[in-house]
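# Notes for the structure review
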Amino acid sequence: MRRRTYLAGGASVLASIAVSGIVSQPAGNERLLEAARESPDTGEVNSNTEPILSGTDHETPLYEIDAPNDGPTAMIFGGVHGDERSGIEAAREISDWRPDAGTLVVVPETNRVAVENNERRGVDGDLNRQFPADREPQSELAAGIWDAVEAHQPDVVLDLHRSLGIYGLHQEFVGQAIFHSPDAHGERLADRLDEDAVPWYLPFHKFTAGETSLTGPLLFQHAARELDATAYLFETTEFLLDHSTMVEMSRLAAAHVLELHGLLEVGGGA
Ligand SMILES: [Zn+2]
């Protein structure tokens, strides 16, 4: 029913996508991604891996990458929901990135047990509801993740997710959306992603940016509330997009956030 509604206003190219079911040609931004992957000219990058929740079922690696120049600390999470594979895969890749300034901290498999079981929730329920205002994190896992966040004192937090539908079109889903704290560059990020990653024939896949209330129990809200971090929650959608396109959108979201906050420099003119 919903797909029918979606197609009613579309061009024939959209119908052909619906037949194959996927879009597999993300536009990308190779210059930006090269800047993320290549070592800076200005000096050495130092990488360090440490376990979070060491010795427990939840043990999961945290990657800290220090750039040669001073700058903010950005923390990127994948796998808060264990079945949202695009964010996990993008975050694993981001753990090899080389920022120009500041410190990049990446936790690709935040809810390790849920990631291993390929399920949204882990043994203690939905991790992204366990960071309520004015209370302690609500599980051993949430407490361990929060300890790591506090230890690194991020200026910027990005949590990578995926949805099953389109924001505003499918009532219960929020795909292609960026939720953010009031001080974040939500609109700019959405505009950049629309330019880089959303093909012209998918107008409904344009990103929606929305300022979030900081009263909720989500990890990024807690970071904004407790640590004054500039925080983003990114949602790409499985609706009409294939896996590699969703990964591309997630990695571009991360690269733009790092660039917008001064960790990445895109050299040259143009
Ligand atoms: Zn999620």
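It should be noted that the structure appears before, not after, this text.
What follows concerns the pairing of strand E4 (residues 101–107). Consecutive side chains along a regular strand alternate between the two faces of the sheet. In terms of residue burial, E4 counts as a mostly covered element, since 7 of its 7 residues are buried. Examined bridge by bridge, strand E2 (residues 60–66) and E4 share 4 bridges and lie antiparallel to one another. Paired with isoleucine 65 across the two strands is leucine 104, which belongs to E4. With 6 bridges joining them, strand E3 (residues 69–77) and E4 adopt parallel strand pairing. Paired with methionine 75 across the bridge in E4 is valine 105. With helix H4 (residues 85–94) bridging E3 and its parallel neighbour E4, the resulting β-α-β unit is right-handed.

Another aspect to go through is the side chain of threonine 73. Tracing the backbone through its elements, the reader meets threonine 73 in strand E3. In this structure threonine 73 comes out as buried when scored by relative accessible area, which is 13%. Setting aside residues up to four positions removed in sequence, threonine 73 forms contacts with Thr103, Val105, His152, Gln153, Pro154, Asp155 and Val156.

Right, let's get into the nonpolar core. In this structure, Ile94, Trp97 and Phe234 are the most contacted members of the largest nonpolar core, which totals 45 residues. For this core, the secondary structure elements donating two or more residues are helix H3 (30–37), E3, H4, E4, strand E5 (156–163), helix H7 (186–197), strand E8 (230–237) and helix H9 (243–260). Of the residues forming this core, the biggest block, 10 residues, is contributed by H9. Residue contacts for phenylalanine 234: discarding those within four places in its chain leaves Leu158, Asp159, Leu160, His161, Ala177, Ile178, Leu193, Phe207, Met249, Ser250 and Ala253.

So, about H7. The end-to-end C-alpha distance of H7, which contains 12 residues, comes to 16 Å, matching closely the 16 Å that a straight helix rising 1.5 Å per residue would cover. Those residues of H7 that fall on the buried side of the exposure criterion are Gly186, Leu189, Ala190, Leu193, Asp194, Asp196 and Ala197. Packed against the buried residues of H7 are strand E6 (177–180), strand E7 (208–211), E8 and H9.

Moving on to the coordination of the zinc ion. The protein atoms donating to the zinc ion are His81 (ND1), Glu84 (OE), Glu84 (OE) and His161 (ND1), with metal-donor distances spanning 2.1 to 2.4 Å. For the zinc ion, the 4 donor atoms in the first shell make angles of 57 to 147° at the metal, so the coordination geometry reads as irregular. The sequence pattern describing where the donors of the zinc ion fall on their chain is H-x2-E-x76-H. Here histidine 161 lies in strand E5 and histidine 81 lies in the loop between E3 and H4, a separation of 80 residues in the sequence. One exposure class covers both histidine 81 and histidine 161, and it is buried.

For the rest of this paragraph, the subject is a negative patch on the surface. A surface patch of like charges, here negative, comprises Asp134, Glu136, Asp147, Glu150 and Glu226. On the accessibility criterion, aspartate 134 (74% relative accessible area) is exposed.

It is worth spelling out the environment of glutamate 50 at this point. Along the polypeptide, glutamate 50 turns up in strand E1 (residues 46–52). A relative accessible area of 29% places glutamate 50 in the partly exposed class. The sequence separation of glutamate 50 and threonine 60 amounts to 10 residues, and the corresponding C-alpha distance is 8.5 Å. When near neighbours in sequence (up to four residues on either side) are disregarded, glutamate 50 contacts Thr60, Pro61, Leu62, Glu64 and His152.

Next up on the list: the pattern of salt bridges. Under the defined criterion, the tally for this structure stands at 14 salt bridges. One salt bridge connects arginine 120 with glutamate 84, and the closest N-O pair in it is separated by 3.5 Å. Taken together, the positions of arginine 120 in the loop between helix H5 (112–117) and helix H6 (140–152) and glutamate 84 in the loop between E3 and H4 put the pair 36 residues apart, joining distant regions of the chain. Its relative accessible area of 3% is what places glutamate 84 among the buried residues. Put simply, Asp83, Glu84, Arg120, Asp126, Arg129, Arg162 and Glu238 are held in one network by salt bridges that share partners.

Definitions and limits used
- Throughout this document, residue positions are counted from 1 along each chain, in the order its sequence is written.
- Per-residue local features of the predicted model are confined to residues with pLDDT of at least 70, and side-chain atom pairs are confined, for both listing and counting, to 80 or more; whole-chain, interface and lining totals are unaffected and use all residues.
- With hydrogens and water set aside, each side-chain value is computed from the structure's full complement of heavy atoms.
- Residue exposure (1.4 Å probe, protein chains only): buried if accessible area is under 20% of the type maximum, exposed if over 50%, otherwise partly exposed.
- Helix and strand labels come from DSSP, where a helix needs a run of H or I of at least four residues and a strand needs a run of E of at least two; each type is numbered from the N terminus.
- Strand pairing is defined by DSSP finding a minimum of two bridges between the two strands.
- Seen with its strands pointing away from the viewer, a crossover is right-handed when the path leading from the first strand over the helix to the second is clockwise.
- The contact criterion used is simple: two residues touch if any of their non-hydrogen atoms lie within 4.5 Å.
- In plain words, nonpolar cores are sets of buried Ala, Val, Leu, Ile, Met, Phe, Trp, Tyr and Cys residues tied together by side-chain atoms within 4.5 Å.
- What a helix should span is 1.5 Å times the count of its residues minus one.
- With water excluded from the atoms, a metal site may look incomplete; its donors are any N, O or S atoms within 2.8 Å, or within 3.2 Å for Na, K and Ca.
- Four donors are marked tetrahedral only if all angles between them lie between 85 and 135 degrees, whereas four are marked square planar and six octahedral if opposite donors are more than 155 degrees apart and the other angles lie between 65 and 115; the remainder are marked irregular.
- Residues with no salt bridge and a relative accessible area higher than 30% make up the patches, which join like charges within 9 Å and nonpolar side chains (Val, Leu, Ile, Met, Phe, Trp, Tyr) within 5 Å.
- Areas reported here follow the Shrake-Rupley algorithm with a probe of radius 1.4 Å; residue values treat only the protein chains shown as occluding.
- In the sections that follow, a salt bridge refers to a side-chain nitrogen of Lys or Arg positioned within 4 Å of a carboxyl oxygen of Asp or Glu.
- By the counting rule applied here, Lys and Arg register as positive and Asp and Glu as negative, while His and the ends of each chain are not counted.
- By convention, the charge on Lys lies at NZ, on Arg at CZ, on Asp at CG and on Glu at CD.

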